[in-house]
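One letter stands for each residue in the lines below.
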Amino acid sequence: MKTSQRRVPFFNYPALFEKHEEEYLSILRGVMRRGAYILQKDLREFEESLARYLGVKHVFGVADGSNALTIALLASGVQRGDEVIVPSHTFIASPAAIHWIGAVPVLADCLPDKMIDPRSVEALVTAKTRAIMPVQLNGRTADMDALQAIADKHKLLLVEDAAQALGSRFKDRFAGTFGAAGTFSFYPAKLLGCFGDGGAVVTNDDRVAARIFMLRDHGRDPEGIVRQWGMNSRLDNVQAALLTHKLKSFEPEIQRRRAIASLYHERLHGLSQLLLPPSPTADPSHFDVYQNYEIEADRRDGLRAHLDRCGVSTIIQWSGQPVHQLEALGFRERPPYTEAMFKRCFLLPMNTTLSDDDVSYVCDGIHAYYGTHG
Ligand SMILES: *Cc1c(COP(=O)(O)O)cnc(C)c1O
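Description of the structure in this document. (Residues numbered from 1 in each chain as written. Predicted model: local features only at pLDDT ≥ 70, side-chain atom pairs only at ≥ 80, totals over all residues. Heavy atoms only, no water.)

Another point: the site of the ligand. Surveying the vicinity of the ligand reveals 14 residues, the closest of which are Gly-65, Ser-66, Asp-161, Ser-185 and Lys-190. Here a nitrogen atom of the ligand and a side-chain polar atom of Asp-161 are 2.7 Å apart. At a separation of 3.0 Å, an oxygen atom of the ligand approaches a polar side-chain atom of Gln-164. When isolated, the ligand has an accessible area of 380 Å², and the protein chains bury 93% of it. Because more than half of its atoms lie within 2 Å of the grid, the ligand is assigned to the largest pocket. Along the lines of polarity and charge, the residues of the shell around the ligand split into five nonpolar, six polar and three charged. (Near = heavy atom within 4 Å. Polar contact = N/O pair within 3.5 Å; in protein donor to acceptor, adjacent residues only side chain to side chain. Areas by Shrake-Rupley, 256 points an atom, 1.4 Å probe, with all protein chains shown as cover. 1 Å grid on protein atoms, 1.4 Å probe; cavity = no way out; pocket = protein on both sides within 12 Å on 5 of 7 lines; lining within 4 Å. Sits in = over half its atoms within 2 Å of the grid points. Nonpolar A, V, L, I, M, F, W, Y, C, P; charged D, E, K, R; others polar.)

Below is the structure:
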């Protein structure tokens, strides 16, 4: 294959705004002219529309997906000294939230589909374990039946990190809606991205909801009386109004991601050097929304360098280090699948600004590297 000038960036941030610039500016103008900045109608509208979309009772917009985790853990009743089992293959924000409430993150392994391994979870349960935090990574939802069974058996809470999985389902139930509480991120590159930081905590439990309400706004109840310690973690009205608008056209975004995943699958599934994510039609229990397209590859570093020379940008999640490998944090766990996988895994471009030709070009590059024809 000859090298060409074509470029496939990993993510195209300016494109988020360009496509709908006038719509976004008029929404912004509306909110700002009304002087509605904090905890007003636009936020309530977004919370209601997200609740309807997810079929969940309560949604609270918060500052970001990391804050959402802290609030979800506290509101669910996780306490100082409790152990919380979380996968090592996750963003540092998941164990950090556990750490900052005084609880102890315990790192589990993952399966080839990159979801937390229920067997690894079961093996890590101790008398101190209080909760399991599944991370619904890459737009897929873990086997929540298996995790619920472990939670029931040991009387544990489930608190989901669904930052990467808005719209993903397991057996027709949305990621984020299984446990005591679930969280989402609206970081710009996430499935539903805003124009800055944003997040949400969701729950079906009225008592958990009452605590989330107070935790995100200085511990104040609906009458403004301080009832407990709280913090300032609110989703701005400007971001909320933009998110309500974007949520209306979220379904086609998901369909496009699934179509791109199908294209990758079609072109690449014959390569024995690769392990691909499950295809959109692989398993009727899972509806995946492909926040990321994370593959494992023989000679990964050579393949990435080759793609880079072709103008295709790829990344390794978490800058190449799962949580247990972050030396500064001193974890003792050595989850074997995760350990081996991080010599092989990386992300191909996956976002709705990609054309079919872009995807095909990426696949050509991979076939060229392995000397195969696809
Ligand atoms: C993005 C992300 C978060 C944190 O979300 P922010 O909004 O950036 O704070 C947490 N967990 C996972 C798995 C994420 O991908």
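Right, let's talk about the environment of Asp-117 for a bit. Here Asp-117 shows up in the loop between strand E3 (104–108) and helix H6 (118–124). Note: C-alpha distance between Asp-117 and Tyr-37 (80 residues apart in sequence) is 42 Å. Among residues more than four places away in sequence, those in contact with Asp-117 are Asp-109, Cys-110 and Leu-111. (Helix = DSSP H or I, 4+ residues; strand = E, 2+ residues; numbered from the N terminus. Contact = heavy atoms within 4.5 Å.)

Turning our eyes to something else, we now look at the sheet that holds strand E4 (residues 129–132). As summarised here, the arrangement of the seven strands in space is E1-E9-E8-E5-E4-E2-E3, forming an open sheet in which the pairing is mixed. Looking at strand neighbours, the two that pair on one side only are strand E1 (58–62) and E3, the edges of this open sheet. Going across the sheet, the axis of each strand differs from the next one's by a mean of 25 degrees, ignoring polarity. In the sheet, strand E5 (residues 157–161) pairs with strand E8 (residues 181–185) via three bridges, with the strands oriented parallel. From the neighbouring strand, Val-159 faces E8, where its bridge partner is Ala-181. Across the face of the sheet, helix H4 (residues 65–76) comes into contact with E1, E5, E8 and strand E9 (199–203) while running at roughly 170 degrees to E8. Its contacts with the sheet put helix H7 (residues 144–154) on E4 and E5, and the angle it makes with E5 is roughly 145 degrees. (Pairing = 2+ DSSP bridges. Axes fitted to C-alpha atoms, helices over the stretch in contact; angles between N-to-C directions.)

Glancing now at the nonpolar core. Membership of the largest hydrophobic core comes to 82 residues, with the highest contact counts inside it found for Tyr-264, Leu-268, Leu-274, Tyr-293, Leu-303, Leu-348 and Ile-366. At seven residues, the largest contribution of residues to this core is made by helix H13 (residues 356–370). The residues that make up this core include at least three from each of domain 1 (16–247) and domain 2 (250–373). Residues contacting Ile-366, with those up to four places away along its chain left out, are Leu-268, Leu-271, Leu-274, Leu-303, Leu-307 and Leu-348. Within the second largest apolar cluster, 28 residues are counted, among which are Ala-51, Cys-194, Val-202 and Val-289. (Core = buried A, V, L, I, M, F, W, Y, C linked by side-chain atoms within 4.5 Å. Buried < 20%, exposed > 50% of the residue type's maximum accessible area, 1.4 Å probe, protein only. Domains from an automatic or database assignment.)

When its volume is computed, the largest pocket comes out at roughly 790 Å³. If you go around the largest pocket, you meet 37 residues; those closest to its centre are Phe-91, Gln-164, Tyr-187, Lys-190 and Trp-318. Listed by contribution, the elements that provide at least two residues to the lining of the largest pocket are H4 and helix H5 (93–100). Ranked by residue count, the leading element in the lining of the largest pocket is H4, at three residues. Each residue belonging to the lining of the largest pocket can be placed in one class, and the counts come to 20 nonpolar, 12 polar and five charged. Approximately 400 Å³ is the volume found for the second largest pocket. As for the second largest pocket, its lining consists of 24 residues, of which Lys-19, Tyr-24, Lys-246, Glu-253 and Thr-352 are closest to the centre. When residues of the lining of the second largest pocket are traced back to their parent elements, those giving at least two are helix H1 (13–18), helix H2 (21–33), helix H9 (237–248) and helix H10 (250–268). (Points joined across faces, edges and corners; volume = space filled by probe spheres on them.)

Attention now goes to the side chain of Glu-333. On the secondary structure map, Glu-333 appears in the loop between helix H11 (300–309) and helix H12 (336–341). Within the buried set, Glu-333 has no salt-bridge partner at all; the shortest N-O distance to an opposite charge, 6.1 Å, is to Arg-334. Side-chain polar atoms of Glu-333 contact the backbone nitrogen of Leu-107, separated by 3.1 Å. Those residues in contact with Glu-333 that lie beyond four places of it in its chain are Pro-105, Val-106, Leu-107 and His-324. (Lys, Arg positive; Asp, Glu negative; His and termini not counted. Salt bridge = Lys/Arg side-chain N within 4 Å of Asp/Glu carboxyl O.)

Moving on: a nonpolar patch on the surface. A surface patch of nonpolar side chains, about 280 Å² in accessible area, is lined by Met-32, Tyr-37 and Ile-38. Take Ile-38: it is sitting in the loop between H2 and helix H3 (41–54). Here Ile-38 falls in the partly exposed class, since its relative accessible area comes to 36%. (Patch = residues over 30% accessible without salt bridge, like charges linked within 9 Å, V, L, I, M, F, W, Y side chains within 5 Å.)

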